Amino acid sequence: MPSKRTVKISSRALSKLAATRPLPYPFPLLDVEKGRVRCGEGAAFISRKRINFEDLVPYSCPPKMVVQNFVVDLNKALVFQVGHLGEAYEEWVHQPIVSKEGPRFFENDFLEFLTRTVWWAIPVIWLPVVCWFIYNSIQMGLSCPHVALLVVLGIFIWTLLEYTLHRFLFHIKTKTYWGNTMHYLLHGCHHKHPMDGLRLVFPPAATAILLMPFWNLVKLMSTPSAAPALFGGGLLGYVIYDCTHYYLHHGQPKTEVPRNLKKYHLNHHFRIQDKGFGITSSLWIKFLELFLHQKWMPKVCKLLSRVAYVRWLK
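Residues numbered from 1 in each chain as written. Predicted model: local features only at pLDDT ≥ 70, side-chain atom pairs only at ≥ 80, totals over all residues. Heavy atoms only, no water.

Here we take up helix H7 (residues 204–221). Over its 18 residues, H7 extends 25 Å from the first C-alpha to the last, a length consistent with the 26 Å expected when each residue adds 1.5 Å. Maximal helix bending in H7 amounts to about 30°, located at Leu-211; proline Pro-213 follows within four positions. Where H7 is concerned, the buried positions are Pro-204, Thr-207, Leu-211, Trp-215 and Val-218. Looking at the buried residues of H7, the elements they touch are helix H4 (121–139) and helix H8 (226–250). (Helix = DSSP H or I, 4+ residues; strand = E, 2+ residues; numbered from the N terminus. Expected span 1.5 Å × (residues − 1). Bend = angle between axes of the 7 residues up to and from the residue. Buried < 20%, exposed > 50% of the residue type's maximum accessible area, 1.4 Å probe, protein only. Contact = heavy atoms within 4.5 Å.)

So, in structure tokens, the structure goes:
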């Protein structure tokens, strides 16, 4: 165990610190001592000189947690356990455990391997694919400025997709066995173990499967020459997102913009988990706050859906 001293932090001190960096307050914290876990209000590991966020351990549960007569054993594969939590799953999954070492998901070693991904695998695997799609559009006769515009448009569309998926799919409320299980695999595991470095980025195998319907949708909505560049831009947006997401959890930003992004995102994990759904930016949050509640918005959405339907018929 690291040579750090265990101290008590008063509520006043926590409130003061929370104003400058995103602490997991007001969650109770766990005090880890001699390998044993015990609940302690306001207890946390800190370094001798300054508070180290990654060493703060928010209250989640002991190695075994009894919920509705079911025991969740964190020392065993979790995926097929969490479904039994029923309605209690929502509360359980949003009580994070801060540790760089994540739990085991599956008993099967191959399935377990597929759930673990180092962050640099994302650009190494997907950037060549991005280049290949962009090159295809150039080969079909599109000029470089036209291709560049489509790539930027693809990145912009990705920011909307990122926000929409995070808000309306990743944070859907579930209570059935398979609903809880699928949600835990999709996003719940990230909220339960937010500092697990091998499960911060999306596994390439799952990404490849999900890319197929998106590619077909892009081909449906655009011309044959524009589709590859537009899709490549969206995929580039995803790569930027995943690398940014990892950095916000494990990086130590020095400048104001990434520091604010880190604070904004960690607040989503540890303080207000039903807010802050944008990760690479708060663009769509501001947009929705401004336009979503306008009376003319339903008419615009209806018009856009009709245009898309007519395009599909063609």
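Here helix H5 (residues 144–169) crosses H8 at 50°, and the two axes come no closer than 7 Å. In this view, H5 runs oblique relative to H8, as classed from their interaxial angle. Crossing handedness for the pair H5 and H8: right-handed. Counted together, Val-147, Leu-150, Val-151, Leu-153, Gly-154, Ile-155, Ile-157, Trp-158 and Glu-162 of H5 and Ala-226, Ala-229, Leu-230, Gly-233, Gly-234, Leu-236, Gly-237, Tyr-238 and Tyr-241 of H8 form the full contact between these two elements. When grouped by side-chain class, the residues that make up the contact of H5 with H8 number 13 nonpolar, four polar and one charged. (Axes fitted to C-alpha atoms, helices over the stretch in contact; angles between N-to-C directions. Parallel < 35°, antiparallel > 145°, perpendicular 65-115°, else oblique. Left-handed = near helix turned anticlockwise from the far one by under 90°. Nonpolar A, V, L, I, M, F, W, Y, C, P; charged D, E, K, R; others polar.)

An ideal rise of 1.5 Å per residue puts 22 Å on 16 residues; helix H6 (residues 177–192) reaches only 17 Å between its terminal C-alpha atoms. Along H6, the sharpest change in direction is near 65° and occurs at Tyr-184. All of the buried residues in H6 are Gly-179, Asn-180, Thr-181, His-183, Tyr-184, His-187, Gly-188, Cys-189, His-190, His-191 and Lys-192. Residues of H6 that are buried sit in contact with helix H2 (89–93), H5, H8 and helix H9 (256–270).

The next subject is the nonpolar core. Judged by nonpolar contacts, the single largest core of 26 residues is most densely connected at Ile-122, Trp-126, Val-147, Phe-231, Leu-235 and Tyr-238. Looking at this core, the element that brings in the most residues is H8, giving ten residues. Setting aside residues up to four positions removed in sequence, Tyr-238 forms contacts with Ile-122, Trp-126, Trp-158, Phe-202 and Thr-207. Ranked by size, the runner-up nonpolar core spans 14 residues in total, among them Val-79, Val-82, Phe-106 and Cys-189. (Core = buried A, V, L, I, M, F, W, Y, C linked by side-chain atoms within 4.5 Å.)

The subject of this paragraph is the pattern of salt bridges. Scanning all chains against the criterion turns up six salt bridges. Among the ionic pairs, Arg-104 bridges to Asp-109, the shortest N-O distance being 2.6 Å. Here Asp-196 ties to Arg-199 by a salt bridge, and the two come within 3.0 Å at their closest N and O atoms. For Asp-196, a relative accessible area of 3% gives the class buried. In this structure, a network of salt bridges that share partners links the residues Glu-112, Arg-116, Asp-196 and Arg-199. (Salt bridge = Lys/Arg side-chain N within 4 Å of Asp/Glu carboxyl O.)

All right, on to the packing of aromatic side chains then. The tally for this structure, following the rule as stated, stands at 14 aromatic pairs. Both rings, one in Trp-132 and one in Phe-133, keep their centres 5.1 Å apart while their planes meet at 80°; by these two values the pair is edge-to-face. Taken together through their ring pairs, the aromatic side chains of Phe-80, Phe-106, Tyr-177 and Trp-178 make up a single cluster. Lys-192 extends its terminal NZ or CZ atom over the ring of Trp-92, reaching a point 4.3 Å from the ring centre. (Phe/Tyr/Trp six-rings, centres within 6.5 Å; stacked < 30°, edge-to-face > 60°. Lys NZ or Arg CZ within 6 Å of the ring centre and 35° of its normal.)

In this section: the environment of Thr-174. By secondary structure assignment, the location of Thr-174 is in the loop between H5 and H6. Note on Thr-174: relative accessible area 17%, which makes it buried. Thr-174 sits 85 residues away from Tyr-89 along the chain, and the two C-alpha atoms are 7.7 Å apart. Residues in contact with Thr-174, not counting those within four places in the same chain, are Gly-86, Tyr-89, Gly-179, Asn-180 and His-183.

With that out of the way, let us pick up the confidence of the model for the chain. Any region with low pLDDT has predicted coordinates that should not be read closely. When the pLDDT values of the chain are averaged, the result is 76; 68% of them are 70 or greater. Low pLDDT, under 50, characterises residues 1–63; the predicted model gives this stretch 122 contacts beyond four residues in sequence or across chains. (pLDDT = per-residue confidence, 0-100.)

Between H4 and H8, the least distance of the axes is 7 Å, while the angle of their chain directions is 160°. Between H4 and H8, the angle falls in the class roughly antiparallel. With respect to the hand of their crossing, H4 and H8 are arranged in left-handed fashion. Of H8, the residues touching H4 (which contributes Ile-122, Pro-123, Trp-126, Leu-127, Val-129, Val-130, Phe-133, Ile-134, Asn-136 and Ser-137) are Ala-226, Pro-228, Ala-229, Phe-231, Gly-232, Leu-235, Leu-236, Tyr-238, Val-239, Asp-242 and Cys-243. Along the lines of polarity and charge, the residues of the contact of H4 with H8 split into 17 nonpolar, three polar and one charged.

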